[in-house]
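Each chain is listed here by its residues.
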Amino acid sequence: MCPPLPPPPTCPPFPPTTNGLHYPTTSPTVSPATSPTQASDVLGDVNRDGYFDTFDVQALKNWVAGSSGYTDPTSLTTFQRQQFDPTLDFLTAPDDTSKCPQGWTYGTPCPHTQDIVYSNYVYANFYRWMKLSSQAEVDAAVVENTEPTGVLSFSVPIYGKDNAVVSDTTVVQFEIGVTGDNLQMQWSVGTYVSSSDDGVLVTASGPSSGVYSASATGPTSNGNSFVAESAVGFVAIVKTYDSEGASANERVWAFQGSTQQYQSSYKAFTTFELLGTTSAPTASITSSPITSSPITSAPSSTPTAAPSATPTTSSPTSGAPSFTPTTAHPTTASPTGAPTTVSPSTSPTTLSPPLMRSTSPTTFSPTTFSPQHCH
Ligand SMILES: [Ca+2]
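Note that the structure is predicted; figures quoted are calculated from it, not measured.

Peer 1: How do you make sense of the overall build of the chain when you look at a structure like this?
Peer 2: For the chain, the count of helices and strands is 4 helices and 12 strands. For the chain, with 375 residues in total, the buried portion stands at 26%. Here the contacts in the chain between residues at least 6 apart in sequence split such that 65% fall between residues at least 24 apart.

Printed below as a string of structure tokens:
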């Protein structure tokens, strides 16, 4: 049986300070600015007390659970709400909104379970903050590609849990979803690692003021120009090491997904249009047809439609033949007046002239008289 608890101490009006300063005894006379400046924004500071610590992880849990006092984020700053989502999938909305807490009506960025885990892992120094807060910022800073023969550049700002630059325990790699000749782009900043399941992998240089970067020019096989490609994916992979220089599966995170991360699959953080030349055709023109036989069948010997019993025109288009000649006279010219032979023939065409007389003379019977004066 425990002894009864002693009575609680009488609390002073304010808790004691640890830095020797004294709390004010009167209320401030000037209201704070309604929109805190960006300079006061601390990565991971969900409860906006100026620090990132386990209270922020707990606050994030409360928001995901919808605990009392953690259901209406409208009074929070935009930056504060972005700290709900350290995996940055609010930059690929509406993907993020599908993960909002049940009944959440405040849109993206949404707090969800993966963000609690991520925040906790940053606190444990396994993960890092990637400091990007808008699609415009992503478009402006992550990828730059000005012309086919120009430089293709990538850069992301990465910070540790205390919002400071970490250089000795962090490796940042970029996975660029190019294909073909572009896999052989020439890296002038950063170190080529290998081709990957979904493109090419390069270890970024840096950090310089927290920014890790890599740059490349086009492949030599295409005359140092890139080959034009659309919707090329960009993935940033952040890998950390402990003080012994060891890493582990749970120290690798890909924004938004890569087979380089344990049990993850490729998902671009952003995509871009790679300016470039058009590559030459990969196959030469063939002179013979692609198919060995015509693609249409031989014509049928029978028509597909039966002839109609009724003509489509009511009468023939040409008139019936005329019974009367169209010309009144023969078309041949009149005979000429001159004989066509030069001289008459010496040989009559008939052997003898036609007889003018009858071959049988007309006979007359003489008149007979009786002798009367014969002496
Ligand atoms: Ca905090």
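Peer 1: So what exactly am I meant to see when it comes to the packing of helix H1 (residues 54–65) against helix H3 (residues 113–123) here?
Peer 2: In a pair of packed helices, the angle between the axes and the distance between the axes together describe the arrangement. Taken N-terminus to C-terminus, the directions of H1 and H3 make an angle of 175°; their axes are 9 Å apart at the nearest point. Taken as axis vectors, H1 and H3 run roughly antiparallel relative to one another. Here H1 contributes Thr 54, Asp 56, Val 57, Leu 60, Lys 61 and Val 64 to the contact with H3, which in turn contributes Thr 113, Asp 115, Ile 116, Ser 119, Asn 120 and Tyr 123. Across the contact of H1 with H3, the residue classes tally to 5 nonpolar, 4 polar and 3 charged.

Peer 1: What is the right way to read the pairing of strand S11 (residues 252–255) from this model?
Peer 2: Along any regular strand the residues' side chains alternate between the sheet's two faces. Taking every second residue as pointing to the same face, both faces of S11 are buried, with Val 252 and Ala 254 on one and Trp 253 and Phe 255 on the other. As defined by bridge partners, strand S10 (residues 229–240) adjoins S11 across 4 bridges and the pair is classed as antiparallel. Its bridge partner lying in S11, Ile 237 is registered against Ala 254.

Peer 1: When you look at the environment of Gly 233 in this model, what are you seeing that I'm missing?
Peer 2: With respect to the element layout, Gly 233 can be found in strand S10. A count of 20 C-beta atoms within 10 Å places Gly 233 in the buried class. Setting aside residues no more than four positions away along its own chain, Gly 233 makes contact with Gly 177, Gly 199, Ala 268 and Thr 271.

Peer 1: Got a minute to help me understand the pairing of strand S7 (residues 199–203) in this structure?
Peer 2: Counting buried positions over the 5 residues of S7 gives 4, a clear majority of the element. Direction of pairing for strand S4 (residues 170–176) relative to S7: antiparallel, over a ladder of 4 bridges. Looking at the pairing, Glu 175 lines up with Leu 201 of S7. One ladder, built from 5 bridges, connects strand S6 (residues 191–196) with S7; its direction is antiparallel. Its bridge partner lying in S7, Ser 196 is registered against Gly 199. Between S6 and the antiparallel strand that follows it, S7, lie 2 residues.

Peer 1: Mind showing me how you'd approach the nonpolar core here?
Peer 2: Core analysis: the biggest nonpolar cluster contains 44 residues, and Phe 174, Phe 234, Val 235 and Ala 236 have the highest contact counts within it. With 6 residues, S10 is the single largest residue contributor to this core. When residues of this core are sorted by domain, at least three fall in each of domain 1 (40–124) and domain 2 (135–274). Aside from chain neighbours lying at most four places away, what touches Phe 234 is Val 142, Val 143, Phe 154, Phe 174, Ile 176, Ala 268, Phe 269, Thr 270, Thr 271 and Phe 272. In this structure, Val 46, Val 64, Phe 84 and Cys 110 belong to the second largest nonpolar core, which totals 8 residues.

Peer 1: Looking at this structure, how should I read unusual backbone geometry?
Peer 2: What is expected of a backbone is that most residues other than glycine have negative phi and most peptide bonds are trans. Omega for the peptide link from Gly 206 to Pro 207 comes to 10°, which places this bond in the cis form. Its location among the elements puts Pro 207 in strand S8 (residues 205–208). Cis rather than trans, the peptide bond between Phe 255 and Gln 256 has omega equal to -5°. Locating Gln 256 in the fold gives a position in the loop between S11 and strand S12 (270–274). Look at Leu 88: it is not a glycine, yet its phi comes out positive at around 65°. Structurally, the position occupied by Leu 88 is in the loop between helix H2 (78–82) and H3. Judged by the 22 C-beta atoms lying within 10 Å of it, Leu 88 falls in the buried class. With a phi angle near 70°, Asn 125 is a residue other than glycine that sits in the positive phi range.

Peer 1: How should H3 be read in this particular structure?
Peer 2: Every α-helix winds through 3.6 residues per turn, so residues three or four apart in the chain are directed the same way. Looking only at H3, the buried set comprises Asp 115, Tyr 118, Ser 119 and Val 122. All buried residues of H3 project into a common sector of 100° when viewed along the axis, lining one side. In the core, the buried residues of H3 are packed alongside H1 and strand S1 (129–130). At the exit of H3 stands Asn 125, carrying a positive phi of roughly 70°.

Peer 1: Just to check I follow, could you spell out H1 for this structure?
Peer 2: Along its 12 residues, H1 runs 16 Å from first to last C-alpha, staying within 8% of the 16 Å computed at 1.5 Å per residue. Among the residues of H1, Asp 56, Val 57, Ala 59, Leu 60, Trp 63 and Val 64 are the ones counted as buried. Here the buried residues of H1 occupy an arc of 160° about the axis, which is enough to place them on one side. Here the buried face of H1 lies against H3. Of the residues trailing H1, Gly 66 is marked for its positive phi of about 70°.

About the thresholds
Residues numbered from 1 in each chain as written. Predicted model: local features only at pLDDT ≥ 70, side-chain atom pairs only at ≥ 80, totals over all residues. Helix = DSSP H or I, 4+ residues; strand = E, 2+ residues; numbered from the N terminus. Buried ≥ 20, exposed ≤ 12 C-beta atoms within 10 Å, placed from the backbone. Contact = placed C-beta atoms within 7 Å. Axes fitted to C-alpha atoms, helices over the stretch in contact; angles between N-to-C directions. Parallel < 35°, antiparallel > 145°, perpendicular 65-115°, else oblique. Nonpolar A, V, L, I, M, F, W, Y, C, P; charged D, E, K, R; others polar. Pairing = 2+ DSSP bridges. Core = buried A, V, L, I, M, F, W, Y, C linked by C-beta atoms within 7 Å. Domains from an automatic or database assignment. Arc of directions from axis to C-beta. Expected span 1.5 Å × (residues − 1).

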